[in-house]
Amino acid sequence: MSAATTSSAPSTDGSEEVAPRRHLGTLWIALAIVVGLALGYTAGLLTPAVTAPGDDSVEAGFVRDMSTHHAQAVEMAMIMHTKAQDEQVASLAADIAITQQGQIGTMSAWLRDWNLNPTGSQPRMAWMPNSQGSLTNGLMPGMATPEQLTQLREATGVEAEKLFLDLMLTHHLGGIHMAEEVVDLSDDKDIDWLAGTMVASQQREIQAIQTIKSELPAN
Amino acid sequence: MSISTQGGPERRPSVVKPAAGAKPNSPGDGKPSRPGSGKGKGPRKPVTPVKVAQQRSWGPILLFVAVGVLAVGIIGYGAFAVIKGSESWEDRAAGIDGITNYRETDPGMLTANHKSGPQTYKTTPPVGGDHNTAWQNCMGDVYDAPIANEHAVHSMEHGAVWVTYKTGLPQDQIDKLAEKVRGNEFMLMSPVDGLSNNISLQAWGYQLKLDSADDDRIDSFIRALRINATQEPNAGCSSGVTATGTTPRDIGNGMQQGS
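Residues numbered from 1 in each chain as written. Chains lettered and ligands numbered in written order. Predicted model: local features only at pLDDT ≥ 70, side-chain atom pairs only at ≥ 80, totals over all residues. Heavy atoms only, no water.

Enquirer: For this particular structure, what's the right way to read the overall build of chain A?
Expert: Looking only at helices and strands, chain A features six helices and zero strands. Written out in order from the N terminus, the α and β elements of chain A read α-α-α-α-α-α. Counting the 219 residues in chain A, one finds 40% classified as buried. The long-range share in chain A, meaning contacts at least 24 apart out of those at least 6 apart in sequence, stands at 79%. (Helix = DSSP H or I, 4+ residues; strand = E, 2+ residues; numbered from the N terminus. Buried < 20%, exposed > 50% of the residue type's maximum accessible area, 1.4 Å probe, protein only. Contact = heavy atoms within 4.5 Å.)

If you want it as structure tokens, here you go:
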């Protein structure tokens, strides 16, 4: 009896002393884990939204503007492809149309990944510093005017081929300028990769254009 | 020695305290050694537990509460940002005052078969329906005369926004509209004879009628629907009809499958 009671007395004391602390401790640890998980989950949810280029970012501006710039190259190349008599011109036109349309697809997929719209809130070329005045009637550097496109549609034979090569050369120079700028301005490795290949391949195409042009018969 | 003897009497009163708590035990305890040993444990243990039980460690509690509040705040903001960021173009289109969404109100008219010859449309200008094999060029083209509905509908199927205005609209209003169109692929603009309002904006299944080119809903409409409204993602706007005239231009049967 006495032994039991004496032993029971410390045990009750001990339970009052230790057990509540343990319960509290477990509760805090559980809460801490829940809070930690919630924080981690939220951070995971937010990270792509925070790290993806924003609506008025250099990357979004470039992707939208270069898509438009490319779209005109595709237009001119398709006009030429249907009527080119020179095989080299026809081949170049097909190359330009297919390559640039493909790049438009890549760029529009990025916009979707970034949860951004094809049309932004910023004006054309706003992503490029000191770009004021680079737009002419809404057209970006190197882009052909509606009148030049009409000329290209109506021209025939060698005249059309030479006009196409001239318009495409100017177009590429404008495009290379924009692509070089974005490589400077952006640290996005995808943007730098695609823009870098644009610079390199369009420079090679400019050389091809000059070669083809020199080989065309005088009209 | 004196200390030990002093300690002896001092312990005795302390014996009384546990004795009060352990009254039933006291009668049973005949030997002094036992209670003495029991008392030795007794006073030590009660003292420590009482102190610990009463002490609340406010530091960690405050820390946890602060972290909890912070977490709730971050989660709340995160949920808000995610919900707001994920607002779809459909939601933004629905938020434009005065817009009509025929995809909801009359989806039956938005068929998309390729048909030659003139077609009839329920709305003026049309917002969808059967159309010509050829599309109207929509590379930011600003047409100065009416164009064929049958071609423009095909352009909208490709994702274009078609800006129309009532024939005879003042030139400054036309210029303001043209500024929003020129240089932008998936945009085209043309006058329409006898239009009910000064301006009407169309995308596939959507229409917004307006009275002024200064209305900022024009930009909202373009931002929400240009390209987004497409029925054929990544379809183009070039290689289309660039001529004006309201009679559709049929292309040879070889082009019937292309769109």
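Back to the text.
Enquirer: What am I meant to see in helix H3 (residues 87-113) of chain A here?
Expert: Structural remark: α-helix, 3.6 residues per turn; residues separated by three or four positions point the same way. All names here are of chain A. Under the 1.5 Å per step criterion, the end-to-end length of H3 is 39 Å for 27 residues, consistent within 8% with the ideal 39 Å. Along H3, the residues classified as buried are Val89, Ala90, Leu92, Ala93, Ile96, Ala97, Gln100, Gln103, Ile104, Met107, Trp110 and Leu111. Two or three places before Gln88, at the start of H3, stands the capping residue Asp86, its side-chain oxygen 2.8 Å from that residue's backbone nitrogen. Just downstream of H3 lies Asn115, where phi reads positive at about 60 degrees. (Expected span 1.5 Å × (residues − 1). Polar contact = N/O pair within 3.5 Å; in protein donor to acceptor, adjacent residues only side chain to side chain.)

Enquirer: Before we go on, may I ask you to explain the UniProt feature "transmembrane region" (unreviewed entry) in chain A in this structure?
Expert: The UniProt record marks residues 27-46 of chain A with the feature "transmembrane region" (unreviewed entry), using the residue numbering of this structure. Overall, residues 27-46 of chain A shows 100% helix and 0% strand. The separation of its end C-alpha atoms is 28 Å. (UniProt positions renumbered as here; feature names shortened; annotations may be inferred.)

Enquirer: Looking at this structure, how should I read the nonpolar core?
Expert: Burial of nonpolar side chains together is a common tendency in soluble globular proteins. In this structure, A:Phe62 and A:Phe164 are the most contacted members of the largest nonpolar core, which totals 73 residues. When residues of this core are traced back to their parent elements, those giving at least two are helix H2 (58-83), H3, helix H4 (146-154), helix H5 (157-185) and helix H6 (189-215) of chain A together with helix H7 (149-157) of chain B. If we skip the residues at most four places from it in the chain, A:Phe164 touches A:Met76, A:Ala77, A:Met80, A:Val89, A:Leu92, A:Ala93, A:Ile96 and A:Leu152. (Core = buried A, V, L, I, M, F, W, Y, C linked by side-chain atoms within 4.5 Å.)

Enquirer: I'm lost on the sheet that holds strand S5 (residues 199-203) of chain B in this one. Help?
Expert: Two pairing modes exist for strands in a sheet, parallel and antiparallel, and in both the strands are linked by backbone hydrogen bonds. Residue and element names in this part refer to chain B. Reading across the sheet, the six strands line up as S1-S6-S5-S3-S4-S2 and stay open at both edges, with mixed pairing between neighbours. In this open sheet, the two strands that pair with only one neighbour each are strand S1 (100-101) and strand S2 (139-142). Relative to strand S4 (residues 187-192), helix H8 (residues 171-181) is tilted by about 155 degrees, and along the sheet it contacts S2, strand S3 (161-166), S4 and S5. Against the sheet, helix H9 (residues 217-225) touches S3, S4, S5 and strand S6 (206-210), its axis set at about 170 degrees to S6. (Pairing = 2+ DSSP bridges. Axes fitted to C-alpha atoms, helices over the stretch in contact; angles between N-to-C directions.)

Enquirer: Even after reading the chapter, I still don't get the environment of B:Asn101, so can you show me in this structure?
Expert: All names here are of chain B. Note that Asn101 resides in strand S1. A sequence separation of 11 residues divides Asn101 from Glu90, and the C-alpha atoms of the two residues are 9.5 Å apart. Side-chain polar atoms of Asn101 contact the backbone nitrogen of Arg103, separated by 3.0 Å.

Enquirer: So what exactly am I meant to see when it comes to the state of the cysteines here?
Expert: Structurally, a disulfide amounts to a covalent bond that connects the sulfur atoms of two cysteines. Residues and elements named next belong to chain B. Tallied over the entire structure, the rule returns one disulfide over all chains. Disulfide pairing places Cys138 opposite Cys237 at an S-S distance of 2.0 Å. Residues Cys138 and Cys237 are joined by a disulfide whose S-S torsion is about -95 degrees; by sign, that bridge is left-handed. Linking Cys138 in the loop between helix H6 (102-105) and S2 with Cys237 in the segment after H9, this pair joins segments that are 99 residues apart in sequence. Here the two residues Cys138 and Cys237 agree in accessibility, since each one is buried. (Disulfide = S-S within 2.5 Å.)

Enquirer: Quick question: what am I supposed to make of H2(A) here?
Expert: Between its first and last C-alpha, H2(A) extends 38 Å over 26 residues, near the 38 Å set by a 1.5 Å rise per residue. For H2(A), the tally of buried residues reaches 21 of 26 residues, placing the bulk of the element in the interior.

Enquirer: Honestly, the side chain of B:Ser155 in this entry has me stumped. Any pointers?
Expert: Tracing the backbone shows B:Ser155 in helix H7. With residues up to four places along the chain from it excluded, the contact list for B:Ser155 reads B:Trp135, B:Gln136, B:Cys138, B:Ala160 and B:Leu188.

Enquirer: Whenever I open this one, the pattern of salt bridges confuses me. Can you help?
Expert: A side chain with one charge may pair with a side chain of the opposite charge, provided their charged atoms come close. All names here are of chain A. Here the structure, examined in full by the defined rule, presents 12 salt bridges over all chains. Between Asp166 and Lys213 there is a salt bridge, and its shortest N-O distance comes to 2.7 Å. With Asp166 in helix H5 and Lys213 in helix H6, this residue pair connects regions lying 47 residues apart in the sequence. According to the relative accessible area criterion, Asp166 is partly exposed, its value standing at 33%. A salt bridge links Lys189 to Asp190; the nearest nitrogen and oxygen atoms lie 4.0 Å apart. When its relative accessible area of 66% is taken as the criterion, Lys189 is described as exposed. (Salt bridge = Lys/Arg side-chain N within 4 Å of Asp/Glu carboxyl O.)

Enquirer: Honestly, the confidence of the model for chain B in this entry has me stumped. Any pointers?
Expert: Parts of the model with low pLDDT should not have their predicted coordinates read in detail. Residue and element names in this part refer to chain B. Per-chain confidence: chain B averages 83 in pLDDT, with 74% of residues scoring 70 or above. For residues 1-42, every residue scores under 50 in pLDDT, and the model assigns this stretch seven contacts once sequence neighbours within four places are set aside. Here the prediction assigns the complex a pTM of 0.77, and the interface score ipTM is 0.82. (pLDDT = per-residue confidence, 0-100.)

Enquirer: Help me out: how do you make sense of a nonpolar patch on the surface in this one?
Expert: All names here are of chain A. A surface patch of nonpolar side chains, amounting to about 320 Å² of accessible area, comprises Ile29, Ile33 and Leu37. Tracing the backbone shows Leu37 in helix H1 (residues 2-51). Residue classification places Leu37 among the exposed residues on the basis of a relative accessible area of 59%. (Patch = residues over 30% accessible without salt bridge, like charges linked within 9 Å, V, L, I, M, F, W, Y side chains within 5 Å. Areas by Shrake-Rupley, 256 points an atom, 1.4 Å probe, with all protein chains shown as cover.)

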